[in-house]
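A look at the structure
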Amino acid sequence: MPRILSDAQIEQYRRDGYVHPIRVMSAAAAAELRRRLEAFEASAGGPLKGDLRHKTHLLFSWLADLVHDKRIVDAIEDLHGPDLLCWSSSFFIKEARSPGYVSWHQDSTYWGLSRPDVVTAWVALTPSTRTNGAMEVIPGTHLLDQAPHRDTFAKDNMLSRGQEIMVDVDPGRAVALELEPGEMSLHHVRLVHGSAANPSGDRRIGFAIRYIPTDVAQVAGGDDSATLVRGTDRHGHFRLEPRATRDLDPEFVALHKEMSARNAAILYRGTGVGSFNDQRAVRG
Ligand SMILES: O=C(O)CCC(=O)C(=O)O
């Protein structure tokens, strides 16, 4: 018996590679998360950048709570069973009237994970619509193998390597995953997806949480870490991360710095780029 997804939603995920919208909190709760993010940005003197956009749940207790959120994790359990890790998280923030876009890609390309059993919960903290650059997906493409990608490092491409898929994508088949604040979409790691720039007068903010069952491993070499969010880890493929219970705890800041460097080494392998700080990019 599924916990939160309907049988039809589970079937849709298997067939199309995505499901949306799923309400995981009230609009007021999403506004509160936005307020906390923006209070930090105000204190730091500008928008969240570089490696602070990655694995941010290690830095702030309110994001640690979000990656453990019962409604979100219930949905992931419906797809992947009871033993679950949060492997990573990333803020995808498009500033008002900004040119940043996301090229068509498969998430699996550079993540180094042993199998494509990885699901992203993309949680909207603002509306995400066709008019502000909502994520768009090509249904069914998660059933393709891993496709070749080319790195462009294009200036306005928000992805870490500006990678774009090297197979023809028919934009006529794209579905925009429009969301209200407090809703999420789920997408499969092989699903071809991307998004346009945000010409609107407000920011578009999404927090993408990447979940895996505990038997998925990191195979790109190097030490990787993850947060156990449900059940038991019988496999020990990842160093298990502690849960942040206060914001910017120095021990967690140090752990986050170390893990960001290790993750950047995995993601940028072969490019000569050293860290997320070298880019304005988001890990995708
Ligand atoms: O936020 C976006 O527009 C793209 C997100 C994305 O590529 C991802 O979550 O994998």
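Nothing here was measured: the structure is a model prediction, and the numbers come from that model.

Another point: helix α4 (residues 70-80). Extensive coverage of α4 is indicated by the burial of nine of its eleven residues. With a side-chain oxygen lying 2.8 Å from the backbone nitrogen of Arg71, the N-terminal cap of α4 falls on Asp69. Where α4 terminates, the next one or two residues include Gly81, which has phi positive at roughly 85°.

Here the structure, examined in full by the defined rule, presents three cavities of 30 Å³ or more. Taken together, Phe92, Val102, His105, Asp107, Trp122, Met135, His187, His193, Gly194, Ser195, Arg204 and Arg210 make up the lining of the largest cavity. Looking at the lining of the largest cavity, the elements that each hand over two or more residues are β3 (102-105), β10 (193-195) and β11 (204-213). At three residues, the largest contribution of residues to the lining of the largest cavity is made by β10. Split into classes, the residues belonging to the lining of the largest cavity amount to four nonpolar, five polar and three charged.

To continue, consider the site of the ligand. Residues in contact with the ligand amount to 13 residues; listed here are only the nearest, Asp107, Trp122, His193, Ser195 and Arg204. Interatomic distance of 3.5 Å between a side-chain N/O atom of His105 and an oxygen atom of the ligand. Here an oxygen atom of the ligand sits 3.0 Å away from a polar atom, N or O, in the side chain of Trp122. Starting from 290 Å² of accessible surface for the ligand in isolation, the protein chains cover 100%. Using a 2 Å cut-off from the grid points, one finds that the ligand occupies the largest cavity. Where the shell around the ligand is concerned, the elements lending two or more residues are β2 (84-94), β3, β10 and β11. Ranked by the residues each element gives to the shell around the ligand, the list is headed by β11, at three residues.

Conventions we followed
- Residues numbered from 1 in each chain as written.
- Predicted model: local features only at pLDDT ≥ 70, side-chain atom pairs only at ≥ 80, totals over all residues.
- Heavy atoms only, no water.
- Buried < 20%, exposed > 50% of the residue type's maximum accessible area, 1.4 Å probe, protein only.
- Helix = DSSP H or I, 4+ residues; strand = E, 2+ residues; numbered from the N terminus.
- Polar contact = N/O pair within 3.5 Å; in protein donor to acceptor, adjacent residues only side chain to side chain.
- 1 Å grid on protein atoms, 1.4 Å probe; cavity = no way out; pocket = protein on both sides within 12 Å on 5 of 7 lines; lining within 4 Å.
- Points joined across faces, edges and corners; volume = space filled by probe spheres on them.
- Nonpolar A, V, L, I, M, F, W, Y, C, P; charged D, E, K, R; others polar.
- Near = heavy atom within 4 Å.
- Areas by Shrake-Rupley, 256 points an atom, 1.4 Å probe, with all protein chains shown as cover.
- Sits in = over half its atoms within 2 Å of the grid points.

As far as function goes, none of this settles anything; it's purely spatial.
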